[in-house]
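# Remarks on the overall topology
Each chain, written out:
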Amino acid sequence: MSAALALGLFLTVVGLAALTFGVYALMRGGREHRGGGLGPISERGIHVIAGVRMTIIGAVSLASGVYFLWGYWN
């Protein structure tokens, strides 16, 4: 197995997992918590920041994985 195939598969799986977690954090995270948070940022705000960050990381990882897989097969 070449390095491009292994890296492409790894980045694709990581990208899908990060996208799933990011969308979950944006849609559901922080709704069951009452109070708390990190100073002036509410629990929901923390989940929004984490969700946006994970969605961006997931999209970049997925795009990189697809790029490496495309390079391997062409």
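Conventions and cut-offs
- Residues numbered from 1 in each chain as written.
- Predicted model: local features only at pLDDT ≥ 70, side-chain atom pairs only at ≥ 80, totals over all residues.
- Heavy atoms only, no water.
- Axes fitted to C-alpha atoms, helices over the stretch in contact; angles between N-to-C directions.
- Helix = DSSP H or I, 4+ residues; strand = E, 2+ residues; numbered from the N terminus.
- Parallel < 35°, antiparallel > 145°, perpendicular 65-115°, else oblique.
- Left-handed = near helix turned anticlockwise from the far one by under 90°.
- Nonpolar A, V, L, I, M, F, W, Y, C, P; charged D, E, K, R; others polar.
- Buried < 20%, exposed > 50% of the residue type's maximum accessible area, 1.4 Å probe, protein only.
- Patch = residues over 30% accessible without salt bridge, like charges linked within 9 Å, V, L, I, M, F, W, Y side chains within 5 Å.
- Areas by Shrake-Rupley, 256 points an atom, 1.4 Å probe, with all protein chains shown as cover.
- Salt bridge = Lys/Arg side-chain N within 4 Å of Asp/Glu carboxyl O.

The next subject is the packing of helix 1 (residues 3–27) against helix 2 (residues 43–73). The N-to-C vectors of helix 1 and helix 2 enclose an angle of 155 degrees; their axes lie 6 Å apart at closest approach. In this view, helix 1 runs roughly antiparallel relative to helix 2, as classed from their interaxial angle. Taken as a pair, helix 1 and helix 2 cross one another with a handedness that is left-handed. A per-class count over the contact of helix 1 with helix 2 returns 23 nonpolar, eleven polar and one charged.

Relative to the elements of secondary structure, serine 61 occurs in helix 2. Judged by relative accessible area, which is 12%, serine 61 ranks as buried. Between the C-alpha atoms of serine 61 and leucine 16, which are 45 residues apart in sequence, the distance is 8.2 Å.

To continue, consider the environment of alanine 3. Note that alanine 3 resides in helix 1. Note on alanine 3: relative accessible area 64%, which makes it exposed. Placed 69 residues apart in sequence, alanine 3 and tyrosine 72 show a C-alpha to C-alpha distance of 9.1 Å.

What follows deals with a nonpolar patch on the surface. Together, Leu7, Phe10, Val14, Tyr67 and Phe68 line one region of the surface with nonpolar side chains, adding up to about 490 Å² of accessible area. Of all the secondary structure elements, the ones that give two or more residues to the nonpolar patch are helix 1 and helix 2. At three residues, the largest contribution of residues to the nonpolar patch is made by helix 1. Note that phenylalanine 68 resides in helix 2.

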